Amino acid sequence: MPPLSILSSPTPSAASSRLSDGSRHSDSHSVAYSRNRSIQDFEIERPSKQSNGGSKRPPVRRMQSDFSAENSLRVSISRMIAAKARPFTASGHIPLDPSALVLFFRSKGGITHSLDFPIDVDYDTPPALDVLVAACRPHTTAGINVYPDRSSDSLFYPPNLPLTATLEVANHPILEAVRNTLFPNLQVGHYLVAVRDRLEIVLNGCRMSAQPRTLRNDGRAATVCVTLPVHHCGGALVVRNADGIEERFFGVGGKPDEVEWTAFTAECEYEVETVTQGCRMSISFAVHLKTYGPSVDPLITPSDRFLDLLSPVLSLSRGRKVAFYLTQDYNVNPAESLAESLVPHLKGSDSLLYHALKAYKLAPELHWAAGGYIWPIDRTVECGNETNDSPTSAAGLMSFASALPFSSPSRRSVLTRPMSYYGDPEEDEAELTRIQTDIMRQRVEESGAVPLSEAEIFVLSDWAPGPMSKEKVYFVSNGELEKLVVNVLLVTYVP
């Protein structure tokens with residue numbers, strides 16, 4: 001008898017009943033159990049029971065305040081889940097010694113200056129800071145014809161003047177945090193690159209008006225703002241997404257032991273509230289999304305020696321389609337994925353060969369291949385389902401066994417598959433293997449594969465076969481789960 005499921009209903013002896021006064025009682029032999037209220041119960045309708053006598057206890061009504069509190073809780077949960085599902089900002093701190101942070105810039109007169117940190121303008125204003133402020137220009141709001149006012153508007157360092165800082169985003173795991181938070185579904189082969197955008201300064205009593213996303217039309221995926229360790233009060237950073245949802249970052253006021261950063265997606269606009277004391281300085285970085293594959297430039301460049309070794313191979317293969325077997329394993333299911341989807345995941349010698357062909361301006365493609373057959377670039381490997389009239393099914397094997405002599409050991413081997421010590425079953429086993437191979441060939445052809453000879457593809461290999469990529473496709477044959485080994489071919493046409 002199979003064990004009872006944990007979802008089965010309790011026995012009548014274990015189920016508690018409700019009395020007319022609302023209390024419960026249970027059988028002495030029943031086992032008490034508790035139900036998790038976080039799991040939704042089944043909704044069951046039962047006929048109402050008539051009591052013989054006695055006064056029925058009136059039901060307890062919930063207070064209106066209970067419903068209001070529960071409704072408020074559900075609204076708060078919905079808002080929290082919606083914000084968690086679509087984050088558009090990320091922030092953090094960089095543990096950095098401020099004395100190691102230096103800003104180099106060139107003034108309008110062509111003189112190079114250096115600015116050391118941390119800075120407290122209320123205590124002492126470095127002369128280089130005054131030169132930097134004098135070289136900056138005020139922000140302007142796009143679409144509004146107003147004259148900028150240096151006394152109330154924020155400033156930015158002109159992009160045509162040289163600016164260098166010892167702070168590099170690539171030296172800290174900021175991009176990794178941005179990727180995990182804002183781009184969690186980024187596949188392997190896609191990476192983020194940060195390019196310094198501009199230096200922005202908000203003086204005491206000034207504010208930065210909203211900077212719309214139309215001002216940043218350089219194809220960036222996100223923006224990272226790093227607040228430099230300059231003491232200030234106020235100046236909260238306000239980030240607003242396309243739906244009008246705002247997030248405010250008040251920061252730590254430029255504490256010398258921490259450098260804070262804030263990242264937001266390209267669809268957002270940002271502004272800085274009025275600075276009430278000190279000076280707020282920040283450097284923004286444009287985050288771009290880079291990738292590689294069949295339609296973009298290669299990520300790596302093979303060595304000249306390898307290209308020289310590949311050159312005669314391609315010269316002797318002009319006018320033909322040539323193919324190479326990949327050698328690495330990628331642990332994918334060819335029945336669910338296209339072979340071309342492996343391009344961002346190529347590694348080792350496979351990546352080297354792929355990019356070498358790209359360096360010769362060829363168009364390499366990845367195809368699934370097995371048993372001398374090759375699948376089109378837009379087809380997966382499908383072995384089909386076994387039917388009753390298939391020779392590899394139980395009915396087919398019975399039909400094949402009936403054609404053999406009754407005393408044949410192979411007949412008993414087909415029916416019961418015991419180990420036989422009588423006769424020589426090699427002939428019958430070879431016939432069965434041939435039938436199974438024909439059925440597999442039929443399945444492969446039905447899935448869209450064609451022979452390599454019909455596709456006019458010439459496979460290039462060494463004298464001795466080397467390692468090849470081996471991916472598995474599961475299928476059912478003779479009631480058993482078997483695996484078809486599938487290879488990956490790198491095919492290209494050499495003009």
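See the structure printed just above.
Nothing here was measured: the structure is a model prediction, and the numbers come from that model.

Side note on the overall build of the protein chain
Here is step 1 of the chain: From N to C terminus, the protein chain includes nine helices and 25 strands.
Here is step 2 of the chain: Among the 495 residues that make up the protein chain, the fraction classed as buried is 37%.
Here is step 3 of the chain: When contacts within the protein chain are restricted to residue pairs at least 6 apart in sequence, long-range pairs at least 24 apart make up 73% of them.
Here is step 4 of the chain: Of the roughly 30,900 Å² that the protein chain leaves accessible, carbon and sulfur atoms contribute 54%.

What to know about the nonpolar core
Here is step 1 of the chain: If you look at the biggest cluster of nonpolar residues, it comprises 46 residues, and the most contacted ones within it are Leu 103, Leu 115, Leu 132 and Met 281.
Here is step 2 of the chain: In contact with Leu 103, other than residues within four places in its own chain, are His 113, Ser 114, Leu 115, Phe 117, Leu 132, Leu 163, Thr 164, Ala 165, Leu 199, Met 281 and Ile 283.
Here is step 3 of the chain: Tyr 330, Trp 368, Tyr 373 and Trp 375 belong to the second largest nonpolar core, which has 34 residues in total.

Considerations on empty space enclosed by the protein
Here is step 1 of the chain: Inspection of the entire model under this criterion finds one cavity of 30 Å³ or more.
Here is step 2 of the chain: Size it by volume and the largest cavity reaches roughly 50 Å³.
Here is step 3 of the chain: Lining the largest cavity, in full, are Glu 200, Met 208, Cys 225, Thr 227, Leu 237, Tyr 270, Val 272, Arg 280 and Ser 282.
Here is step 4 of the chain: Contributions of two or more residues to the lining of the largest cavity are made by β11 (222-227), β16 (269-272) and β18 (280-290).
Here is step 5 of the chain: Its residues assigned to classes, the lining of the largest cavity comprises five nonpolar, two polar and two charged.

Let's talk about the sheet that holds strand β6 (residues 137-138)
Strands pair in a sheet through their backbones, by hydrogen bonds, and they do so in one of two ways: parallel or antiparallel.
Here is step 1 of the chain: Spatially, the seven strands line up as an open sheet ordered β3-β15-β11-β18-β9-β7-β6, and their pairing is antiparallel. The open sheet terminates on both sides in strands that have one partner only, identified here as β3 (89-94) and β6.
Here is step 2 of the chain: Relative to β18, β11 runs antiparallel, the two sharing six bridges. Considered in β18, the bridge of Val 224 is made with Phe 285.
Here is step 3 of the chain: Strands β6, β7 (155-156), β9 (191-202) and β18 of the sheet are contacted by helix α2 (residues 127-135), whose axis makes an angle of about 100° with β9.
Here is step 4 of the chain: The strands that helix α3 (residues 174-182) touches are β3, β9, β11, β15 (259-265) and β18; relative to β15, the one it contacts most, it runs at about 40°.

Things to note about the sheet that holds β16
Here is step 1 of the chain: A sheet is described by the order of its strands in space; here four strands give the open sequence β10-β16-β13-β14, paired in antiparallel fashion. Where the open sheet ends on each side, the last strands, each with one partner, are β10 (208-211) and β14 (246-249). Each neighbouring strand pair of the sheet contributes to a mean axis angle of 15°, computed without reference to strand direction.
Here is step 2 of the chain: Alignment of strand β13 (residues 237-240) against β14, held across four bridges, turns out to be antiparallel.

Overview of unusual backbone geometry
Here is step 1 of the chain: Cis rather than trans, the peptide bond between Phe 117 and Pro 118 has omega equal to 0°.
Here is step 2 of the chain: Within the secondary structure, Pro 118 sits in the loop between β5 (112-116) and α2.
Here is step 3 of the chain: Positioned with a positive phi, Lys 361 is a non-glycine residue whose angle comes to about 65°.
Here is step 4 of the chain: With respect to the element layout, Lys 361 can be found in the loop between α5 (348-359) and β20 (365-370).
Here is step 5 of the chain: Phi at Glu 456 takes a positive value of approximately 55°, unusual for a residue other than glycine.
Here is step 6 of the chain: Relative accessible area serves as the criterion here: at 64%, Glu 456 is assigned to the exposed category.

Observations concerning the pairing of β5
Here is step 1 of the chain: In the sheet, strand β4 (residues 102-106) pairs with β5 via five bridges, with the strands oriented antiparallel. Bridge assignment links Leu 103 to a residue of β5, and that residue is Leu 115.
Here is step 2 of the chain: Between β4 and β5, which pair antiparallel and follow one another directly, the connecting turn spans five residues, one of which, Gly 110, has a positive phi of 90°.

A closer look at α5
Here is step 1 of the chain: For α5, built from 12 residues, the straight-helix expectation of 16 Å at 1.5 Å per residue is met to within 8% by its first-to-last C-alpha distance of 17 Å.
Here is step 2 of the chain: Taken as a whole, α5 has its buried residues at Asp 350, Ser 351, Leu 353, Tyr 354, His 355, Ala 356, Leu 357 and Lys 358.
Here is step 3 of the chain: Along its buried surface, α5 packs onto α4 (304-315), β19 (320-325) and β25 (480-494).
Here is step 4 of the chain: A positive phi of about 65° marks Lys 361, the residue just after α5.

What about the pattern of salt bridges?
Here is step 1 of the chain: Under the counting rule described, the total for this entry stands at nine salt bridges.
Here is step 2 of the chain: Here Asp 197 and Arg 220 are joined by a salt bridge, their closest N and O atoms 3.1 Å apart. In this pair, Asp 197 sits in strand β9 while Arg 220 sits in the loop between β10 and β11, placing the two residues 23 residues apart along the sequence.
Here is step 3 of the chain: When its relative accessible area of 30% is taken as the criterion, Asp 197 is described as partly exposed.
Here is step 4 of the chain: In this structure Arg 220 comes out as buried when scored by relative accessible area, which is 8%.
Here is step 5 of the chain: Close ionic contact of Glu 269 with Arg 240 constitutes a salt bridge, the shortest N to O distance being 2.7 Å. Here Glu 269, found in strand β16, pairs with Arg 240, found in strand β13; they are 29 residues apart in sequence, far enough to count as distant.
Here is step 6 of the chain: On the accessibility criterion, Glu 269 (21% relative accessible area) is partly exposed.
Here is step 7 of the chain: The buried category is assigned to Arg 240, whose relative accessible area is 17%.

Conventions adopted
- Residues numbered from 1 in each chain as written.
- Predicted model: local features only at pLDDT ≥ 70, side-chain atom pairs only at ≥ 80, totals over all residues.
- Heavy atoms only, no water.
- Helix = DSSP H or I, 4+ residues; strand = E, 2+ residues; numbered from the N terminus.
- Buried < 20%, exposed > 50% of the residue type's maximum accessible area, 1.4 Å probe, protein only.
- Contact = heavy atoms within 4.5 Å.
- Areas by Shrake-Rupley, 256 points an atom, 1.4 Å probe, with all protein chains shown as cover.
- Core = buried A, V, L, I, M, F, W, Y, C linked by side-chain atoms within 4.5 Å.
- 1 Å grid on protein atoms, 1.4 Å probe; cavity = no way out; pocket = protein on both sides within 12 Å on 5 of 7 lines; lining within 4 Å.
- Points joined across faces, edges and corners; volume = space filled by probe spheres on them.
- Nonpolar A, V, L, I, M, F, W, Y, C, P; charged D, E, K, R; others polar.
- Pairing = 2+ DSSP bridges.
- Axes fitted to C-alpha atoms, helices over the stretch in contact; angles between N-to-C directions.
- Expected span 1.5 Å × (residues − 1).
- Salt bridge = Lys/Arg side-chain N within 4 Å of Asp/Glu carboxyl O.

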